[in-house]
Amino acid sequence: FQRRRQSSVSRSMTEYFPTDDYALRTEESSGESLSKSLTASLSNLTNIQRKQNVFFAMTDFSFDNNSSLSSNSTFRRIDDDETRTLLNNDSGNRNIRFSTRLSYRFALSRRSSLAFSVNGQYGTQDQDGWQVDTTASVQGLQVKLRNNGDGLRYGFETSVDYNYKIGENTRFSTSYSFNRSYDRSKMLAVDFLGDPQGQLDPVNSYNYTNDSYSHNLQTGLHYGRDGFWIMATLTGSVHQVARDERFPEKRRFPRTFYQLNPWFSLTAGQSKRRFHLNISSMPQMISTESLRSTLDATNPLSLQAGNPDLKLPNNLMGSAGLSFNNAPKARAFSIQFGGGYTFNYITSQRKLFLEETYLPQYDYTAQKGAQLSTQTNVEGCYSLNGSVNFSQQISSLRSTVNAGINYNFQQTPYFLDEPLYHS
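**Student:** Lay out the overall build of the protein in plain terms, naming residues and giving numbers.
**Tutor:** Looking only at helices and strands, one finds one helix and 24 strands in the protein. Over its C-alpha trace the protein gives a radius of gyration of 28 Å, far above what one expects of a compact globule, namely 22 Å for 423 residues. Over its C-alpha atoms, taken along the principal directions, the protein stretches across nearly 80 × 50 × 45 Å. A total of 423 residues make up the protein; the buried ones form 31% of that total.

Following this line, the structure appears as structure tokens:
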């Protein structure tokens, strides 16, 4: 059981260097928020083991009831033109979540075993409140919105894992897993500005479903003997992500991604002297919000749009290290190097409109001073790191001396208008 109250205030200002398009450009933003929450949760864990048979069960139930008040204002000036927005929110959320996990492992023979696992979760989300914001930056002209939203989320994952011992030092394993995630969100926003009875507001209303599937097949080999260990796995994955929109019109955006990810680990030596090498590849899943093709114009100065053509990023990482430990002299020394490279790195691309501009792909007119942010894939994101550490205990002083050198470097691509740069 937990009760929480939190408040925050933030302010920022940005000045831009003059260009051929403007001599003066500044942006100021401020915000205040107050949130309250009440949370209650109940969990249960059961583990039963009989010889080589193991049964495991875990169940969680939680309830959240929270409310929030916030006010955000934005001021943008380009030469003599000023643009202001003000957004006030008063909302309440109620969430109910339930999850369970069951697994059972048993021996098929003296050398082999089989395991089954099932995970599931279910939850609801209700969101209600009021929203007041300015329209078209006209002072005194405000829109009062009443929001009535509800959501549903569930998912499950199942897997089967087979292990077989080859000889005394080698073990083979293979597994298959499938998971599905379903998340539906609805929001009905009514505008009371021009009609006392209220009219449907198309910018703040939505009705969509995020539905994703994943199939994973993994095979691995483990070998260990006399201070020498090798572990290697290869995982093939198929991810399908779909977004079904029912407002303002019914559309579906399905995407399918294929991945092949190796993982390798080598360790040699004992506690006195040890060497290790690790190589791995890991995908970064893209949120369905980033894959949507519609425009989020809730804040007319900060427009957000997805990119349905995004490719799945993949991180290739590696590290190698050597350590020495002299227990009688209480001395330790280690050195390590590592690095990584990201394929299909996703970065934001922003565009500032210096005059009213019609965007045909979104059927929307961006006002002067608005900024549109989209996402795109680029290459050239890599990182390097290294460290050297030394430790020596001094018994006469009852103390320990530690010395270390660490180095980290990361090259990150970013857009400045159209050109691509690296920081």
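Next comes the rest of the write-up.
**Student:** Can you tell me about unusual backbone geometry, naming the residues and giving the values?
**Tutor:** Even without a glycine there, the phi angle at aspartate 79 is positive, about 55 degrees. Within the fold, aspartate 79 resides in the loop between β3 (53–78) and β4 (81–107). Exposure remark for aspartate 79: the relative accessible area of 29% places this residue in the partly exposed category. Of note in this structure, aspartate 363 is not a glycine but carries a positive phi near 55 degrees. Within the secondary structure, aspartate 363 is located in the loop between β18 (357–359) and β19 (364–366).

**Student:** An account of the pairing of strand β14 (residues 302–305) is needed here, citing residue identities and associated values.
**Tutor:** What you see with β14 is a clean split: Leu303 and Ala305 sit on the buried side and Ser302 and Gln304 on the side with no burial. Here strand β13 (residues 295–296) runs beside β14; their pairing, made up of two bridges, is antiparallel. In the strand pairing of β14, leucine 295 is matched with alanine 305. Taken together, β13 and the strand that follows it, β14, pair antiparallel across an intervening segment of five residues. Where β14 meets strand β20 (residues 371–378), three bridges bridge the pair, whose relative direction is parallel. For leucine 303, the partnering residue across the bridge sits in β20 and is leucine 372.

**Student:** Lay out the sheet that holds strand β17 (residues 345–352) in plain terms, naming residues and giving numbers.
**Tutor:** Pairing within the open sheet is mixed, and its four strands lie in the order β13-β14-β20-β17. In this open sheet, the two strands that pair with only one neighbour each are β13 and β17.

**Student:** For the environment of tyrosine 16, give the residues involved together with the corresponding values.
**Tutor:** Residue position: tyrosine 16 is located in the loop between β1 (2–15) and β2 (25–50). Using a relative accessible area of 31% as the deciding quantity, one classes tyrosine 16 as partly exposed. The spatial distance from the C-alpha of tyrosine 16 to the C-alpha of isoleucine 78 is 9.9 Å, given a sequence separation of 62 residues. Once residues within four sequence positions are removed from consideration, tyrosine 16 is found in contact with Tyr22, Arg25 and Glu27.

**Student:** Could you give an account of the pattern of salt bridges, with specific residues and numbers?
**Tutor:** Within this structure, the stated rule accounts for 13 salt bridges. Among the ionic pairs, glutamate 27 bridges to arginine 25, the shortest N-O distance being 3.0 Å. Across the pair, arginine 25 and glutamate 27 agree in class, each one buried. Salt-bridge contacts for lysine 368 lead to aspartate 81; the nearest nitrogen and oxygen are separated by 2.1 Å. Placement of the pair is lysine 368 in the loop between β19 and β20 and aspartate 81 in strand β4, with a sequence separation of 287 residues. Among the charged side chains, a network of salt bridges with common partners joins Arg25, Glu27 and Arg76.

**Student:** An account of the side chain of asparagine 95 is needed here, citing residue identities and associated values.
**Tutor:** Mapping asparagine 95 onto the fold places it in strand β4. With residues up to four places along the chain from it excluded, the contact list for asparagine 95 reads Ser62, Phe63, Asp64, Asn66, Thr124, Gln125 and Asp126.

**Student:** Can you tell me about a nonpolar patch on the surface, naming the residues and giving the values?
**Tutor:** Where nonpolar side chains cluster on the molecular surface, the patch consists of Leu42, Phe61, Ile96, Phe98 and Tyr122 and spans about 500 Å² of accessible area. Along the chain, phenylalanine 98 turns up in strand β4. Looking at phenylalanine 98, the relative accessible area reads 39%, which means it is partly exposed.

**Student:** Can you lay out the nonpolar core for me, pointing to particular residues and giving the numbers?
**Tutor:** Within the largest apolar cluster, 10 residues are counted, these being Leu295, Ala297, Leu303, Ala305, Phe353, Leu359, Tyr362, Ala366, Ala370 and Leu372. Excluding its chain neighbours within four sequence positions, the residues that come into contact with leucine 359 are Phe353, Tyr364, Ala366 and Leu372.

**Student:** With reference to specific residues and values, describe the pairing of β3.
**Tutor:** Where β2 meets β3, 26 bridges bridge the pair, whose relative direction is antiparallel. Bridge pairing in β3 links leucine 38 to asparagine 65. Here β2 folds back onto β3, and the loop between the two strands holds two residues, one of which, lysine 51, carries a positive phi near 55 degrees. Taken together, the 25 bridges between β3 and β4 define a ladder with antiparallel strand orientation. For serine 62, the partnering residue across the bridge sits in β4 and is arginine 97. Where β3 hands over to β4, the hairpin turn is made up of two residues, of which aspartate 79 adopts a positive phi near 55 degrees.

**Student:** Please set out the packing of aromatic side chains residue by residue, giving values where relevant.
**Tutor:** Overall, the coordinates contain 11 aromatic pairs when judged by the stated rule. Between the aromatic rings of tyrosine 154 and tyrosine 182, the centroid separation amounts to 4.9 Å while the plane-to-plane angle is 25 degrees, which identifies the pairing as stacked. With tyrosine 154 in strand β6 (residues 142–166) and tyrosine 182 in strand β7 (residues 170–191), the pair connects residues that are 28 residues apart, well separated along the chain. For tyrosine 154, a relative accessible area of 26% translates into the label partly exposed. Grouped by ring-pair contacts, the aromatic residues Tyr104, Phe106 and Phe116 constitute a single cluster.

The rules behind the values
- Residues numbered from 1 in each chain as written.
- Predicted model: local features only at pLDDT ≥ 70, side-chain atom pairs only at ≥ 80, totals over all residues.
- Heavy atoms only, no water.
- Helix = DSSP H or I, 4+ residues; strand = E, 2+ residues; numbered from the N terminus.
- Rg over C-alpha atoms; globule rule 2.2 N^0.38 Å.
- Buried < 20%, exposed > 50% of the residue type's maximum accessible area, 1.4 Å probe, protein only.
- Pairing = 2+ DSSP bridges.
- Contact = heavy atoms within 4.5 Å.
- Salt bridge = Lys/Arg side-chain N within 4 Å of Asp/Glu carboxyl O.
- Patch = residues over 30% accessible without salt bridge, like charges linked within 9 Å, V, L, I, M, F, W, Y side chains within 5 Å.
- Areas by Shrake-Rupley, 256 points an atom, 1.4 Å probe, with all protein chains shown as cover.
- Core = buried A, V, L, I, M, F, W, Y, C linked by side-chain atoms within 4.5 Å.
- Phe/Tyr/Trp six-rings, centres within 6.5 Å; stacked < 30°, edge-to-face > 60°.

Everything listed is a geometric property; what it means functionally is a separate question.
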